[in-house]
Amino acid sequence: MVIRRIKGDTFPIKVQVLSEDGSAFDLTSCTAFLTVKKRLEDADSAALIAKSTTSHVSATEGITQFSLLATDVDYVGSFYYDVKVKDSNNIIYSVVTNRIIFENHTTIRTS
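This write-up is about the structure you can find in this document. (Residues numbered from 1 in each chain as written. Predicted model: local features only at pLDDT ≥ 70, side-chain atom pairs only at ≥ 80, totals over all residues. Heavy atoms only, no water.)

Points about the pairing of strand β7 (residues 92-103)
The sheet contact formed by strand β1 (residues 3-6) and β7 spans 4 bridges and is parallel. Bridge pairing in β7 places R5 opposite F102. Looking at chain direction, strand β6 (residues 77-86) and β7 are connected through 10 bridges and run antiparallel. The residue bridging F79 from the neighbouring strand is I100, located in β7. The antiparallel pairing of β6 with β7 creates a hairpin that spans 5 residues between the two strands, and N90 there sits at a positive phi of about 65°. (Pairing = 2+ DSSP bridges. Helix = DSSP H or I, 4+ residues; strand = E, 2+ residues; numbered from the N terminus.)

So, in structure tokens, the structure goes:
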């Protein structure tokens, strides 16, 4: 799924994690990671955005969310992102990988 956001917007990124059979993946005791990079070959340490969460919107329904600060989305362009989940057995699952596009804003107003 391609994600589109406006530079500086703090609207969260919400993801539902599904099991192979299409049912909701229980995120109880799991950590979810969001990583955004300029290039696929960039090291994780060079990521533009690196977020993690253990507090999910609805763990039993497989719904997690990443909060973004305006400084997190202070970019314009098309980048690569992925979401991964690490379960309580330290097994890591790739949930989604695609492009995230940050478009320039028209207005910088906050009030």
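From this point, things continue past the structure.
Details of the sheet that holds β1
One open sheet holds the 5 strands; their spatial order is β1-β7-β6-β3-β4, and the pairing between them is mixed. Here the strands that pair on one side only, and so sit at the sheet edges, are β1 and β4 (49-53). Each strand axis lies, on average, 25° off the axis of its neighbour in the sheet, ignoring direction. Inspection of the sheet shows strand β3 (residues 31-37) paired to β4 by 5 bridges, in the antiparallel sense. When the bridges of β4 are listed, L34 appears paired with K51. (Axes fitted to C-alpha atoms, helices over the stretch in contact; angles between N-to-C directions.)

Side note on the pattern of salt bridges
Scanning the entire structure with this criterion turns up 5 salt bridges. Between K37 and D44 there is a salt bridge, and its shortest N-O distance comes to 2.7 Å. Residue classification places K37 among the buried residues on the basis of a relative accessible area of 12%. Assessed through its relative accessible area of 58%, D44 is described here as exposed. The closest approach of N and O atoms between R39 and D42, which form a salt bridge, is 3.2 Å. Residue classification places D42 among the buried residues on the basis of a relative accessible area of 12%. (Salt bridge = Lys/Arg side-chain N within 4 Å of Asp/Glu carboxyl O. Buried < 20%, exposed > 50% of the residue type's maximum accessible area, 1.4 Å probe, protein only.)

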